[in-house]
Amino acid sequence: MDTYAEPERTRHDTIASGPPIRELFRDVVADRLPGRRPPQAAMLSDAGADPCWDDRSFLADFYNEILHQDTCRPATAEGLVLLAALAGDDRIPARHRFQAVHLLFRAATVAERHLAETWPATPRHADPGSEVRARDAVRALTPDLLSRWSAECPAVRLALAGLAVVFPTDRTLPALTSRLGTFTHQHPRGTDIGDYARFVLVLAAQDEARILTATEQLTDAYWTGTARGAPTRARALHLLAQMLTRVRTGFDRSRAPQ
């Protein structure tokens, strides 16, 4: 948006308001969350500005404040509402909506993914109470985000599909077959998007034997494996997270239109 790139700003004004994406986040959050805001929203105020921020460093710090190094803290659940607000607003560029949904997925699956990584040991730095609250928060936010499916771009739809299988319902699971049909027709097996879409459909079928088989086949072929003794769902979500990260990387490289 051109209004966020005015060439005549003074250095003082630039430091006070911060990089363009931060200004946009601030405006969206102000519009969508006019009441009490989570503590992480302080990073969007002028008082919380870092004069060294550019778009990239601000985003890294902002996202890390919500989901700290892929771990949940007591305030994580509160901050997830910020991600949902950003993911649900068309003023936010598509790649950032994707990232917001991706982080919601990661917050909702922290406990299971880390269990798969460390099995049979207990995950280090685990905070079970915070993880449960984060998962519950994402569960509550997911229906509104899924309702945007028809209006979303293909990349964000892929991220939403990941949320749908984390929180399966009788309504969302059957819908995934038709909703992911375009991806499976256009992207063959062995491609990042094709494998991801097909694995989501396996998870949606909720057949543990099929899930285990697909997890092991994909792990052997492409991805970082986990101990075979770990729970099947934990292994599957660990794999799905890796796949979604790969899809995100491809999306970033493509520099989708904003």
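Reading the values: rules and limits
- Residues numbered from 1 in each chain as written.
- Predicted model: local features only at pLDDT ≥ 70, side-chain atom pairs only at ≥ 80, totals over all residues.
- Heavy atoms only, no water.
- Helix = DSSP H or I, 4+ residues; strand = E, 2+ residues; numbered from the N terminus.
- Buried < 20%, exposed > 50% of the residue type's maximum accessible area, 1.4 Å probe, protein only.
- Contact = heavy atoms within 4.5 Å.
- Areas by Shrake-Rupley, 256 points an atom, 1.4 Å probe, with all protein chains shown as cover.
- Axes fitted to C-alpha atoms, helices over the stretch in contact; angles between N-to-C directions.
- Parallel < 35°, antiparallel > 145°, perpendicular 65-115°, else oblique.
- Nonpolar A, V, L, I, M, F, W, Y, C, P; charged D, E, K, R; others polar.
- Left-handed = near helix turned anticlockwise from the far one by under 90°.

Visitor: What is the right way to read the overall build of the protein chain from this model?
Guide: Summing up its helical and strand segments, the protein chain has 12 helices and 0 strands in all. Here the protein chain, with 258 residues, has 50% of them falling under the buried criterion. Contacts in the protein chain between residues far apart in sequence, at least 24 positions, make up 66% of those at least 6 positions apart. As displayed, the protein chain offers around 12,800 Å² of accessible surface, 51% of which is attributable to carbon and sulfur atoms.

Visitor: Mind showing me how you'd approach the packing of helix α2 (residues 20-32) against helix α3 (residues 55-66) here?
Guide: Helix-helix packing is described using two parameters, namely the angle between the two axes and the distance between the axes. Where α2 meets α3, the axes come as close as 8 Å, and the angle between the chain directions of the two elements is 45°. Classified by the angle their axes make, α2 and α3 are oblique. In this structure, α2 contributes Pro20, Ile21, Arg22 and Phe25 to the contact, and α3 contributes Asp55, Phe58, Leu59, Phe62 and Tyr63. Among the residues making up the contact of α2 with α3, the classes are represented as 7 nonpolar, no polar and 2 charged.

Visitor: What am I meant to see in the packing of helix α4 (residues 76-87) against helix α5 (residues 94-118) here?
Guide: Axis separation between α4 and α5 bottoms out at 8 Å; the angle between their running directions is 145°. Two packed elements cross with a definite hand, and for α4 against α5 that hand is left-handed. Judged by residue contacts, Leu80, Leu83, Ala84, Leu86 and Ala87 of α4 engage Arg97, Ala100, Val101, Leu103, Leu104 and Ala107 from α5. In terms of residue class, the contact of α4 with α5 is made up of 10 nonpolar, no polar and 1 charged.

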